[in-house]
Amino acid sequence: FWINDMTPRVVLHPLKPALEGQEVSGMKDPNGKALFVEFVAAVRRDGQGFVAYQWPRQVGAVPVDKLSYVKGFGPWGWIIGTGLWVDDLRAEA
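These figures come from a predicted structure and were not determined experimentally.

When you look at the pattern of salt bridges in this model, what are you seeing that I'm missing?
Any two side chains of opposite charge can pair, on the condition that their charged atoms come close. This structure, assessed with the given rule, holds three salt bridges. Residues Arg45 and Asp46 are paired through a salt bridge, measuring 3.3 Å at the closest nitrogen-oxygen approach. The residues Arg45 and Asp46 share a single accessibility class, namely exposed. A salt bridge links Asp88 to Arg57, with the nearest nitrogen and oxygen atoms 3.2 Å apart. Separated by 31 residues along the polypeptide, Asp88 in helix H2 (residues 86-92) and Arg57 in the loop between strand E3 (48-56) and strand E4 (63-73) bring together distant segments of the chain. With a relative accessible area of 39%, Arg57 lands in the partly exposed category.

This is the structure:
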C-alpha cells in the first residue's frame, strides 16, 4: 500500500521512502503516463478506480506492467493505493 494526496504528493511509500514528501505529478512511466496524476484523476472522477501503468519491481529494474487500485479518503484528502504485477496475475490464471 502507498498513500499520496491530491496534489499529488507522496505521503507514504514503504518500498520507496525517498518519494515521501515529494510532489510527483511529473513522474511518468516509460510510456509517458503520469501515473500519480492518473491516480488523482480516477479518484476525482469516481472516488476510486484501477490504473494500468509500468513500474519496476525493484530499484534499477526494467519497468513492467502493473495494475493498481486507488481509493480516495476524503477527510484527509488522501489516496490509498495498492497494486499487482500483471505477469503474476497471468501466471496464477
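Looking at this structure, I do not really get the sheet that holds strand E5 (residues 78-85). What am I missing?
Neighbouring strands of a sheet are bound in pairs by backbone hydrogen bonds; such pairs are parallel or else antiparallel. Ordered in space as E2-E1-E5-E4-E3, the five strands form an open sheet in which the pairing is antiparallel. Single-partner strands in this sheet number two, and they are strand E2 (10-12) and E3. Going from strand to strand, the sheet's axes swing by 35° on average, the running direction of each strand aside. Summarising the sheet, strand E1 (residues 2-5) and E2 pair through two bridges and their orientation is antiparallel. Looking across to E2, one finds that Ile3 is bridged to Leu12. Packing against the sheet, helix H1 (residues 35-46) makes contact with E1, E2, E3, E4 and E5, and its axis sits at approximately 175° to E3.

Rules of the game
Residues numbered from 1 in each chain as written. Predicted model: local features only at pLDDT ≥ 70, side-chain atom pairs only at ≥ 80, totals over all residues. Heavy atoms only, no water. Salt bridge = Lys/Arg side-chain N within 4 Å of Asp/Glu carboxyl O. Buried < 20%, exposed > 50% of the residue type's maximum accessible area, 1.4 Å probe, protein only. Helix = DSSP H or I, 4+ residues; strand = E, 2+ residues; numbered from the N terminus. Pairing = 2+ DSSP bridges. Axes fitted to C-alpha atoms, helices over the stretch in contact; angles between N-to-C directions. Contact = heavy atoms within 4.5 Å.

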